[in-house]
Amino acid sequence: MSTFKAPKGTYDLIPPYSAKYLAVRDAISAPLRTAGYGYIETPGFEDVNLFARGVGESTDIVTKEMFTLTTKGGTNLALRPEGTASVLRAALEASLHKKGNLPAKLWYSGSYYRYERPQAGRYRHFSQVGAEAIGAEDPALDAELIILADQAYRTLGLRNFRILLNSLGDKECRPVYREALQAFLRGLDLDAETVRRAEINPLRVLDDKRAEVQKQLVGAPMLRDYLCDACKAYHEEVRALITAAGVAFEDDEKLVRGLDYYTRTTFEFVHDGLGSQSAVGGGGRYDGLSEMIGGPALPSVGWALGVDRTVLALEAEGVELDIPPATSVFAVALGEAKPVLFGLVTELRKAGVAADISYGGKGLKGAMKDANRSGARFAVVAGDRDLAEGVVQLKDMESGDQSPVALADVVALLRTKLA
């Protein structure tokens, strides 16, 4: 055993369990790839100010959870705690908004980092798949992203998730609501940290999970009563488009999300089988973020879905993913047959057949155990006598049937049987 262990709050993904994560990533990104979203990859760390400005200085993410570091040159960096700010920064840097064809539709997948108290479904290193549509203000885009996420989850076989939906207003109506909420919060008995948060971003107080805070919030002014006509009309159109697509959602007037940049549409995917960490993903519209990080006005919308949380949700529902075995054909070489069977395995791989061979000079019994463990559908077994006759023994690992096949015909025969 190694002297070293994975850092606290992180995990290693090891086969065969890791295949679940790959399958979830593929399933979430598949609908995006058919809807015009192109893949983007950004660095694992960024200038710390990108997140302080974009995510919000009052958020727990920035004040308590970011992993920060100072380079030898004195630059302050942070491991990325979320994906949107990085993707928007990359899009601006590449001037995607000047190349026409807006919105720029992008999807990404990667690891993110937050210094949190580790618990089931909440790690310090976690994996997400996200999507962003940059540069267009259109209710159909908001609806499209929610529908694509719903499609991804249903493709995986998830059923017991719910979509919560709200509108946070815009720069016209939100300030009026903000003042009304602040006036209400000033009359409450809140701790110093929450009072400070109420002054910077009072909507975040609505998101406070503590019972003693929630109890005092009864009777707080509601944002829906302050939405301007434009925001009301926008939100109604989003709701109508999602409904027409047959996607069920619940209106949740207290839904804020933990990031400062959201405007108008905000949504969350929750799963009741995950206990207190019920959110599996979420997102919303962030029309002002580009300007916050020094870019031009670029209305945008996006989401991120947690791969770890989605895997936990699948396990909570008892959903078994249909993951094909990594190996279809396993070769067992006896005597001096290794070079020939190794060549055959190479040929099979070139022909698109997943093939493997027993290594380490094991005998027939040990090599056949390897074949069983690999999950292969067929085993190809050959010794010196077989090769002298120009054949190999082809064994069906399900039925146990075994028959000789001419060496020259094996690749074509296996391709046909596995098609």
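Structure: above.
Undergrad: Could you give an account of the side chain of D287, naming the residues involved and the relevant values?
TA: With respect to the helices and strands, D287 occurs in the loop between β10 (279–285) and α11 (289–292). Engagement of the side chain of D287 in a polar contact is seen with the side chain of R285, the distance being 2.8 Å. A distance of 3.3 Å separates the side chain of D287 from the backbone nitrogen of S300, its partner in a polar contact. Aside from chain neighbours lying at most four places away, what touches D287 is E137, T263, L298, P299 and S300.

Undergrad: Could you give an account of the pairing of strand β5 (residues 104–113), with specific residues and numbers?
TA: Pairing analysis gives 2 bridges linking strand β1 (residues 38–39) to β5, with the strands arranged parallel. Within the sheet, the bridge partner assigned to Y39 lies in β5 and is W107. Relative to strand β6 (residues 125–134), β5 is paired through 10 bridges, and the arrangement is antiparallel. Bridging across to β6, A104 finds its partner in I134.

Undergrad: Explain the packing of aromatic side chains to me, and be specific about the residues and the numbers.
TA: Aromatic rings considered in pairs are described by the distance between their centres and by the relative angle of their planes. On inspection of all chains with the given rule, the structure shows 12 aromatic pairs. Aromatic pair Y11 and Y123: ring centres 5.1 Å apart, planes at 70°, arrangement edge-to-face. Here Y123 lies in the loop between β5 and β6 and Y11 lies in the segment before α1 (18–33), a separation of 112 residues in the sequence. Residue Y123 is classed as partly exposed on the basis of its relative accessible area of 22%. Grouped by ring-pair contacts, the aromatic residues Y11, Y17, Y21 and Y123 constitute a single cluster. Residue placement shows R80 over the ring face of Y112; its charged tip is 4.5 Å from the ring centre. The aromatic ring of Y234 is capped on one face by R264, whose charged end is 4.7 Å from the ring centroid.

Undergrad: Help me get a handle on the layout of surface pockets, residues and values and all.
TA: Considering only enclosed or pocket space, the second largest pocket measures out at about 600 Å³ in volume. Lining the second largest pocket are 25 residues, and of these D170, K171, T263, D287 and G288 lie nearest its centre. Sorting the residues of the lining of the second largest pocket by element identifies α6 (174–185), β9 (263–271) and α11 as the ones contributing at least two each. If one sorts the elements of the lining of the second largest pocket by residue count, α6 sits on top with 3 residues. Residue composition of the lining of the second largest pocket, grouped by class: 10 nonpolar, 4 polar and 11 charged.

Undergrad: For the sheet that holds β10, give the residues involved together with the corresponding values.
TA: The sheet built from 8 strands is open, its strands ordered β1-β5-β6-β11-β10-β9-β7-β8 with mixed pairing. Edge positions in the open sheet fall to β1 and β8 (250–251), since each of these has one partner strand only. Sheet analysis places β6 next to strand β11 (residues 300–306), joined by 7 bridges and oriented antiparallel. Residue pairing for β11: Q128 is matched across the bridge by G306.

Undergrad: Can you lay out the packing of helix α5 (residues 139–156) against helix α10 (residues 229–244) for me, pointing to particular residues and giving the numbers?
TA: Direction vectors running N to C along α5 and α10 enclose 40°, while the axes themselves pass 9 Å from each other. Judged on the interaxial angle alone, α10 and α5 are oblique. As α5 packs across α10, the resulting crossing turns out to be right-handed. Along its contact with α5, which presents P139, A140, D142, A143, I146 and I147, the element α10 presents Y234, E237, V238, L241 and I242.

Undergrad: For unusual backbone geometry, give the residues involved together with the corresponding values.
TA: Backbone geometry follows two general trends: most residues other than glycine have a negative phi, and most peptide bonds adopt the trans configuration. Residues P15 and P16 are joined by a peptide bond in cis, for which omega reads 0°. Inspection of the secondary structure puts P16 in the segment before α1. Cis geometry marks the peptide bond from L102 to P103, where omega comes out at 5°. For P103, the location among the structural elements is in the loop between α4 (84–93) and β5. The backbone of S95 shows a phi angle near 55°, a positive value even though the residue is not glycine.

Definitions and cut-offs
Residues numbered from 1 in each chain as written. Predicted model: local features only at pLDDT ≥ 70, side-chain atom pairs only at ≥ 80, totals over all residues. Heavy atoms only, no water. Helix = DSSP H or I, 4+ residues; strand = E, 2+ residues; numbered from the N terminus. Polar contact = N/O pair within 3.5 Å; in protein donor to acceptor, adjacent residues only side chain to side chain. Contact = heavy atoms within 4.5 Å. Pairing = 2+ DSSP bridges. Phe/Tyr/Trp six-rings, centres within 6.5 Å; stacked < 30°, edge-to-face > 60°. Buried < 20%, exposed > 50% of the residue type's maximum accessible area, 1.4 Å probe, protein only. Lys NZ or Arg CZ within 6 Å of the ring centre and 35° of its normal. 1 Å grid on protein atoms, 1.4 Å probe; cavity = no way out; pocket = protein on both sides within 12 Å on 5 of 7 lines; lining within 4 Å. Points joined across faces, edges and corners; volume = space filled by probe spheres on them. Nonpolar A, V, L, I, M, F, W, Y, C, P; charged D, E, K, R; others polar. Axes fitted to C-alpha atoms, helices over the stretch in contact; angles between N-to-C directions. Parallel < 35°, antiparallel > 145°, perpendicular 65-115°, else oblique. Left-handed = near helix turned anticlockwise from the far one by under 90°.

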